[in-house]
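Okay, here's what each chain looks like letter by letter:
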Amino acid sequence: MAVPRSGKETGPAPGAPADVPPGAVADGPPAVEVRRSGRRRRTVSAYREGGRTIVLIPARFTKAEERHWVDTMLGRLAAGDRRRRPDDAELSARARALSARYLADAARPTSVRWVGNQMSRWGSCTPADGTIRISERLKGMPGYVLDYVLLHELAHLLRPAHDREFWRLLATYPRVERARGYLEAVASAAGLGAAWPDDENEVDWEPVAVVSEPTTLF
């Protein structure tokens, strides 16, 4: 995919890496801004900012090298977007793979799907029929966070209560604490605390509004 150039130059945007000097920007269309840096020697990076894609390249690159790396980095960002925003079929396949890897394939959901009406819940499941629902709020979050929420619900298919056996099931996943910390930070920023009411028929992992001091139940 070739990227046309607009002939427009701008300075670095707020939050850009420190090795981007003012004015060191190659020509680019409004959606893609290429910034050249004399301090870069071998590395190329890219990030999203306000509807644009910023691509950082070494100043020595030729125009041909610039086009190549812009196309390459746009492709990598798009692939990352797809991984973070799987459709229902991909979400189901991801859950099955996680069950096989971390739960000895013991949890076998009948369906796993995104839902838009769980804005106060990360996920929920119904052990009686094996269904799992994942909040669309998780779309775009890091993959390890989505994997943790999926594993949390998969484990609930096997163990509805948040007891010792439930957490033993999750112990094989190496990023439990990191994912929980990420979700706690998101909930805190939104003024929510996390609670998981247990029910023998349906288990909801639900952040609830905090009135006084937040209490997290895991």
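Residues numbered from 1 in each chain as written. Predicted model: local features only at pLDDT ≥ 70, side-chain atom pairs only at ≥ 80, totals over all residues. Heavy atoms only, no water.

**Student:** In this structure, what is going on with the overall build of the protein chain? I would like to understand it.
**Tutor:** Counting secondary structure elements, the protein chain contains five helices and nine strands. With 218 residues in all, the protein chain has 43% of them scored as buried. Sequence-distant contacts, at least 24 apart, represent 45% of the contacts inside the protein chain between residues at least 6 apart. Accessible area of the protein chain: about 11,500 Å², with a carbon and sulfur share of 52%. (Helix = DSSP H or I, 4+ residues; strand = E, 2+ residues; numbered from the N terminus. Buried < 20%, exposed > 50% of the residue type's maximum accessible area, 1.4 Å probe, protein only. Contact = heavy atoms within 4.5 Å. Areas by Shrake-Rupley, 256 points an atom, 1.4 Å probe, with all protein chains shown as cover.)

**Student:** Got a minute to help me understand the packing of helix H2 (residues 88-102) against helix H3 (residues 143-158) in this structure?
**Tutor:** Two measures define how a pair of helices packs: the angle their axes make with one another and the distance between the axes. Axis separation between H2 and H3 bottoms out at 10 Å; the angle between their running directions is 70°. As the angle between them shows, H2 and H3 are arranged roughly perpendicular. Facing H2, whose interface residues are Leu 91, Arg 94, Ala 95, Leu 98, Ser 99 and Tyr 102, H3 presents Gly 143, Leu 146, Asp 147, Leu 150, Leu 151 and Leu 154. Along the lines of polarity and charge, the residues of the contact of H2 with H3 split into eight nonpolar, two polar and two charged. (Axes fitted to C-alpha atoms, helices over the stretch in contact; angles between N-to-C directions. Parallel < 35°, antiparallel > 145°, perpendicular 65-115°, else oblique. Nonpolar A, V, L, I, M, F, W, Y, C, P; charged D, E, K, R; others polar.)

**Student:** Honestly, the side chain of Arg 180 in this entry has me stumped. Any pointers?
**Tutor:** Inspection of the secondary structure assignment puts Arg 180 in helix H5 (residues 176-189). Within the structure, Arg 180 has its side chain in polar contact with the side chain of Glu 177 (distance 3.1 Å). (Polar contact = N/O pair within 3.5 Å; in protein donor to acceptor, adjacent residues only side chain to side chain.)

**Student:** What is the right way to look at unusual backbone geometry in this model?
**Tutor:** Both trends apply: most residues other than glycine have a negative phi, and most peptide bonds are in trans. For Ala 104, which is not glycine, the phi dihedral falls at a positive 55°. Relative to the helices and strands, Ala 104 resides in the loop between H2 and strand S5 (111-115). Notably, Asp 105 is not glycine yet its phi reads approximately 60°, a positive angle.

**Student:** Just checking my understanding: could you explain the side chain of Asp 147 for this structure?
**Tutor:** Tracing the sequence through the fold places Asp 147 in helix H3. Under the relative-accessibility criterion, Asp 147 is labelled buried at 14%. Only 2.6 Å separates the side chain of Asp 147 from the side chain of Arg 94, close enough to count as a polar contact. What Asp 147 contacts, discounting residues up to four positions off in sequence, is Arg 94, Leu 98 and Tyr 173.

**Student:** Mind showing me how you'd approach the packing of H3 against H5 here?
**Tutor:** The geometry of H3 relative to H5 is characterised by a closest axis approach of 9 Å and an angle of 100° between their N-to-C directions. Taken together, H3 and H5 sit at an angle that is classed as roughly perpendicular. Side by side, H3 and H5 meet where Tyr 144, Val 145, Tyr 148 and Val 149 of the first sit next to Val 176, Arg 178, Ala 179, Arg 180, Tyr 182 and Leu 183 of the second. Taken together, the residues of the contact of H3 with H5 break down into eight nonpolar, no polar and two charged.

**Student:** Any chance you could explain the environment of Ala 187 here in plain terms?
**Tutor:** By the secondary structure assignment, Ala 187 is in helix H5. Each C-alpha atom of the pair Ala 187 and Ser 120 lies 9.4 Å from the other, and the pair is 67 residues apart in sequence.

**Student:** What am I meant to see in a negative patch on the surface here?
**Tutor:** A cluster of like negative charges, contributed by Asp 87, Asp 88, Glu 90 and Glu 136, occupies part of the molecular surface. Along the chain, Glu 90 falls in helix H2. (Patch = residues over 30% accessible without salt bridge, like charges linked within 9 Å, V, L, I, M, F, W, Y side chains within 5 Å. Salt bridge = Lys/Arg side-chain N within 4 Å of Asp/Glu carboxyl O. Lys, Arg positive; Asp, Glu negative; His and termini not counted. Charge placed at Lys NZ, Arg CZ, Asp CG, Glu CD.)

**Student:** Would you mind showing me how to read H5 here?
**Tutor:** Residues that lie three or four places apart on an α-helix share one face, since the helix turns once every 3.6 residues. Its 14 residues place the ends of H5 20 Å apart at the C-alpha level, agreeing with the 20 Å of an ideal helix rising 1.5 Å per residue. All of the buried residues along H5 are Val 176, Ala 179, Arg 180, Leu 183 and Ala 187. Across the axial projection of H5, the buried residues extend over an arc of 100°, all falling on one side. Along H5, exposed side chains directed more than 90 degrees from the buried face belong to Glu 177, Ser 188 and Ala 189. (Expected span 1.5 Å × (residues − 1). Arc of directions from axis to C-beta.)

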